[in-house]
Amino acid sequence: LVRKVALVTGFEEQILRSIPAEELLEVFVQWDTDSTGKISFDNFIQGVYQMRYRIKALQAQAARDEEQYVLADSVKRAKDAFDKAGKKGKDQLSLEDFIEALSDMDQLQRISAATELPVTFFESLSAGSLLDLFKQVDLDSSGTISLEEWVEALVQIRMSSYYERKTEEQEAMDAVREHAEAALNEGDADLNGEFDFMEFVTAFKTNSRFLRKVSLATGIPVQELRTLQTESLEDLFLSLDTDLSGTISFAEFVKGLAEIRLIRMKSVEDHTDSLEASVMNSAVMAATEAFEEADLSVLGELDLHTFVQALTDPVVAKKVSQATSVPVEWFLSLTAEQLVDLFQDIDADSNGSISFAEWISALLRVRKANYQEDKAARQEEAKAIQKLAEEALEEGDLDLSGELDFREFIAAFRRNPRFVRKVAVATDTCVEDLESLDIEDLEEFFTELDTDGSGTISFEEFVNGLLEIRLRRNAYSQEEVEAENQAIIDVAYLDALDAFSQADLGVTGELDLDAFHKALQDPGILEKVAWATNLPQESFANLTRKGIEELFVGMDFDSSGTISFNEWVAALVKTRQDVFLQEKLQQERAMEAVVEDAMAAMDEAQEDFSAELQLDGFIKAFQTKPSFLRKVSHATGLAIEEFKRLQESDLKELFSALDMDFSGTVSFTEFVQGLAAIRVAHENELQEAQHQAEARQQSARFVKDVMVNSAPEGKDSITAEDLIELLRFLDSKRWTAPKLEKLVDGLPWDRDGNLPLGHLVELLY
């Protein structure tokens with residue numbers, strides 16, 4: 001209870017525990033507002049809120065005080081550094097003074113203290129960087145730096161660093177707190193709210209659930225935590241016990257784990273840097289293989305002819321792509337002139353041939369200079385679309401103003417196919433996609449391009465806007481995603497081709513509406529369409545005539561009245577891709593929704609502190625642990641009763657399904673993935689049930705409209721005799737005399753023995 005109150009209010013747990021009984025009694029009296037001798041839930045909430053409000057106010061004031069202290073300290077240190085940097089009697093720093101100051105170790109240490117940036121940062125600045133920094137500090141561009149400019153620059157750096165650090169610390173505390181509480185609950189054997197040394201060591205040595213919580217809090221893998229020896233644990237305990245009390249309080253535990261988390265994050269960043277070094281090593285190997293693959297001259301070097309041959313060879317180009325991370329298509333698309341330029345760039349000594357060292361150096365330079373590469377790629381893309389953008393603008397600029405207003409923009413997309421084609425090529429977008437944009441879509445598009453909000457699109461806005469669209473599409477088409485999508489496309493294409501070959505009657509080579517409708521009535525074609533789109537066959541088989549017409553219009557991209565092979569394939573492939581992306585997103589969301597409950601459920605199920613679930617423990621958890629069932633139920637979305645009905649044989653089958661690696665145990669990852677899969681299946685069932693309910697409602701409305709609208713004038717109700725006759729006509733086998741009698745007796749007839757037709761439909765559906 002004390003820890004929960006501490007978490008909610010922000011008070012440290014040991015402070016709450018140290019409150020004397022007399023003060024606690026006073027608090028009780030204050031909270032017992034109705035003097036009943038008891039604190040109601042509402043009074044408890046109100047009291048806790050007041051505590052939280054007070055501590056938040058104190059914390060806010062403490063934060064302001066700390067900020068003012070840091071600001072004042074930074075100003076003082078900045079002034080001290082300026083005084084030491086300037087020449088005697090001078091109140092301005094010239095560029096020479098500035099560079100001299102940043103070359104002196106004593107001065108660098110003062111500047112480092114003022115900004116809290118490491119000395120190595122300033123030491124690493126090149127002459128060009130020092131000049132840029134001088135210009136940034138010289139706010140009035142006077143050519144010298146005044147005391148005010150110097151202080152403002154250094155203080156701004158210090159405060160930016162301070163705010164960033166405080167944000168990181170708070171984020172780390174927020175991320176750690178919940179896991180730290182769970183870990184303390186696991187390891188606090190005597191339930192006194194603190195860790196003593198033996199509890200701390202025992203938790204690390206024997207409690208896998210504790211380790212999992214600490215791992216989640218710090219980002220350190222469980223296996224790494226398991227390797228800690230007693231000596232290391234003793235050092236860790238002493239570092240967390242900041243007040244040297246011999247115990248670790250909850251506040252100390254949270255703060256310590258947060259600090260470890262920050263250190264771990266920095267370690268991960270360093271690890272990322274080491275991975276980059278590993279990538280560079282791989283790039284060296286790939287570059288070496290590419291060089292060896294090329295047809296070298298007698299001297300073991302590449303002349304221009306050999307170089308051109310090498311980069312137009314798909315095998316060599318692929319290895320160069322692996323070394324530089326530049327798409328292989330880029331190398332294969334280089335013109336002769338560009339190849340000559342590239343050759344001369346790599347030929348550093350201009351001797352007419354490329355040595356192994358020059359080759360490796362050039363390829364690694366490309367790999368490493370990501371920023372320059374991106375900038376160059378952007379320039380190349382801009383160059384590629386500039387002419388197209390100009391031609392498109394000329395097509396749409398009806399009043400020859402050099403800009404597109406909204407009316408011209410809409411008219412160009414609606415009535416000028418040449419404009420649309422140029423925009424499609426410039427943005428690497430399908431023409432059909434642009435043609436399918438409605439007015440609202442085009443209005444959003446126009447607003448996006450009109451960056452200055454002037455109501456017109458200038459040429460620069462048009463070029464930049466199309467370039468941004470092109471770059472976004474390029475980013476979306478990254479190699480890994482493209483490979484996955486391509487596999488989907490290949491399968492869907494073949495299935496769509498198979499379906500179209502059966503649907504096409506062979507007269508025009510295309511499907512008109514009648515042929516399309518007929519095709520969707522063919523079970524064989526429906527099966528292939530379902531395979532191509534990965535949608536249930538019923539979703540097509542249950543389409544009404546109107547639904548089929550809407551689907552036809554959607555697939556007839558060029559509005560020609562027929563669906564060509566390309567349109568058919570494009571529509572089915574697009575549907576398959578949409579389904580794939582939707583399934584992927586649904587899976588990701590399910591994993592996020594499941595993981596917390598899965599962790600708690602696994603904690604409930606494990607009794608031997610093992611890392612994985614055994615079959616006996618799995619069955620026992622389902623049969624004897626209500627809290628486990630609640631977690632599994634919440635994770636999957638299934639009612640608890642569904643799991644309670646499972647027999648032992650059912651549980652064994654479920655265990656086998658979760659044990660995806662056939663190890664005989666269920667790991668945490670398998671548990672999470674399995675529950676997520678169950679959740680997805682359940683969501684799909686609910687969605688299907690909703691669709692069926694909507695279909696029934698739509699059918700009911702249709703029947704109601706037909707019955708009411710087609711009834712003779714003045715005949716908006718039905719008698720019992722007419723109802724019996726109607727039902728026997730529709731299904732005489734189902735509507736036997738006893739059923740009809742029971743139905744008639746249960747209907748709300750009016751005094752004249754009639755029942756409104758609309759009311760009848762509502763009752764039947």
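Residues numbered from 1 in each chain as written. Predicted model: local features only at pLDDT ≥ 70, side-chain atom pairs only at ≥ 80, totals over all residues. Heavy atoms only, no water.

K.L.:
Would you explain unusual backbone geometry in this entry?
P.N.:
Glycine aside, a negative phi is what most residues show, and trans is what most peptide bonds show. One non-glycine residue, serine 350, adopts positive backbone phi at about 55°. Residue position: serine 350 is located in the loop between α18 (336-346) and β4 (353-354). The exposure class assigned to serine 350 is exposed, which follows from its relative accessible area of 60%. A positive phi angle, close to 65°, is found at asparagine 534, a residue other than glycine. Mapped onto the fold, asparagine 534 is located in the loop between α28 (523-533) and α29 (537-541). (Helix = DSSP H or I, 4+ residues; strand = E, 2+ residues; numbered from the N terminus. Buried < 20%, exposed > 50% of the residue type's maximum accessible area, 1.4 Å probe, protein only.)

K.L.:
What should I look at first to understand the packing of aromatic side chains in this one?
P.N.:
Describing an aromatic ring pair means giving the distance of the ring centres and the angle of the ring planes. For the coordinates displayed, the defined rule picks out 33 aromatic pairs. Ring plane angle 70° and centroid distance 5.4 Å describe the contact between phenylalanine 291 and phenylalanine 356, whose orientation is recorded as edge-to-face. Note that phenylalanine 291 is positioned in helix α14 (residues 250-293) and phenylalanine 356 in helix α19 (residues 356-368), a separation of 65 residues in sequence. Owing to a relative accessible area of 40%, phenylalanine 356 belongs among the partly exposed residues under this scheme. Taken together, the aromatic side chains of Phe195, Phe197, Phe200, Phe204, Phe210, Phe237 and Phe253 make up a single cluster linked through ring pairs. (Phe/Tyr/Trp six-rings, centres within 6.5 Å; stacked < 30°, edge-to-face > 60°.)

K.L.:
Looking at this model, I keep getting lost on empty space enclosed by the protein. Mind explaining?
P.N.:
Take a probe with the size of a water molecule and roll it over the atoms, and the empty space left behind shows itself. One pass over the structure, following the stated rule, counts one cavity of 30 Å³ or more. Taken together, Ser239, Leu240, Thr242, Glu252, Lys255, Gly256 and Glu259 make up the lining of the largest cavity. Looking at the lining of the largest cavity element by element, the count peaks at four residues for α14. (1 Å grid on protein atoms, 1.4 Å probe; cavity = no way out; pocket = protein on both sides within 12 Å on 5 of 7 lines; lining within 4 Å. Points joined across faces, edges and corners; volume = space filled by probe spheres on them.)

K.L.:
Sorry if this is basic, but what is going on with the nonpolar core here?
P.N.:
Taken as a class, soluble globular proteins show a tendency for nonpolar side chains to be buried jointly. Counting 27 residues, the largest nonpolar core has Phe618, Phe622, Phe628, Val632 and Phe671 as the members making the most contacts within it. Looking at this core, the elements with two or more residues in it are α31 (565-605), α32 (615-624), α33 (626-636), α35 (648-658) and α36 (668-710). At six residues, α31 tops the list of elements feeding residues into this core. Residue contacts for phenylalanine 671: discarding those within four places in its chain leaves Ala598, Ala601, Met602, Leu613, Phe618, Phe628, Val632, Leu658 and Val666. (Core = buried A, V, L, I, M, F, W, Y, C linked by side-chain atoms within 4.5 Å. Contact = heavy atoms within 4.5 Å.)

K.L.:
Help me out: how do you make sense of the pattern of salt bridges in this one?
P.N.:
Close approach of charged atoms lets side chains of opposite charge pair. A complete count under the given rule lists 16 salt bridges for this structure. In this structure, glutamate 224 engages arginine 264 in a salt bridge whose closest nitrogen and oxygen atoms are separated by 3.2 Å. Residue glutamate 224 is found in helix α12 (residues 222-226), and its partner arginine 264 is found in helix α14; the two are separated by 40 residues along the sequence. One connected set of salt bridges, linked through shared partners, spans Asp73, Arg77, Glu116 and Arg158. (Salt bridge = Lys/Arg side-chain N within 4 Å of Asp/Glu carboxyl O.)

K.L.:
Looking at this structure, how should I read the environment of alanine 571?
P.N.:
Relative to the assigned elements, alanine 571 resides in helix α31. You can call alanine 571 buried: its relative accessible area is 11%. Taking the C-alpha atoms as reference, alanine 571 lies 8.8 Å from aspartate 556; in sequence the two are 15 residues apart. Residues in contact with alanine 571, not counting those within four places in the same chain, are Met555 and Phe557.

K.L.:
What am I meant to see in a nonpolar patch on the surface here?
P.N.:
A surface patch of nonpolar side chains, about 280 Å² in accessible area, is lined by Leu25, Phe28 and Val29. With respect to the helices and strands, valine 29 occurs in helix α3 (residues 21-31). (Patch = residues over 30% accessible without salt bridge, like charges linked within 9 Å, V, L, I, M, F, W, Y side chains within 5 Å. Areas by Shrake-Rupley, 256 points an atom, 1.4 Å probe, with all protein chains shown as cover.)

K.L.:
Just checking my understanding: could you explain helix α24 (residues 439-449) for this structure?
P.N.:
Taken together, the buried positions of α24 are occupied by Leu442, Phe445, Phe446 and Leu449. Along the axis of α24, the buried residues cluster in a sector spanning 100°; they form a single face. Residues Glu440, Glu444 and Thr447 are exposed on α24 and point more than 90 degrees away from its buried face. (Arc of directions from axis to C-beta.)

K.L.:
What is the right way to read the packing of helix α9 (residues 147-187) against helix α11 (residues 208-218) from this model?
P.N.:
Two quantities define a packed helix pair, namely the angle between the axes and the distance from one axis to the other. Packing of α9 against α11 leaves a shortest axis separation of 8 Å and a crossing angle of 160°. Taken as axis vectors, α9 and α11 run roughly antiparallel relative to one another. Crossing geometry of α9 relative to α11 is assigned as left-handed. Here Val176, His179, Ala182, Ala183, Glu186 and Gly187 of α9 come into contact with α11, specifically with Arg209, Phe210, Lys213, Val214, Leu216 and Ala217. In the contact of α9 with α11, the residues fall into seven nonpolar, two polar and three charged. (Axes fitted to C-alpha atoms, helices over the stretch in contact; angles between N-to-C directions. Parallel < 35°, antiparallel > 145°, perpendicular 65-115°, else oblique. Left-handed = near helix turned anticlockwise from the far one by under 90°. Nonpolar A, V, L, I, M, F, W, Y, C, P; charged D, E, K, R; others polar.)

K.L.:
Looking at this model, I keep getting lost on the confidence of the model for the protein. Mind explaining?
P.N.:
Detailed reading of predicted coordinates is not advised where the pLDDT is low. Of all residues in the protein, 88% have pLDDT values of 70 or greater, and the mean over the chain is 82. Of all secondary-structure elements in the protein, the lowest mean pLDDT belongs to helix α39 (residues 757-764), at 65, while α35 reaches the highest, 94. (pLDDT = per-residue confidence, 0-100.)

K.L.:
Help me out: how do you make sense of the side chain of serine 633 in this one?
P.N.:
Its location among the elements puts serine 633 in helix α33. Among the residues examined, serine 633 registers a relative accessible area of 13% and is labelled buried. Apart from residues no more than four positions distant in its own chain, serine 633 is found in contact with Leu638, Ala639, Ile640 and Phe643.

K.L.:
So what exactly am I meant to see when it comes to a negative patch on the surface here?
P.N.:
Together, Asp438, Glu440, Asp441, Glu443 and Glu444 give the surface a local cluster of negative charge. Mapped onto the elements, aspartate 441 comes out in helix α24. When its relative accessible area of 31% is taken as the criterion, aspartate 441 is described as partly exposed. (Lys, Arg positive; Asp, Glu negative; His and termini not counted. Charge placed at Lys NZ, Arg CZ, Asp CG, Glu CD.)

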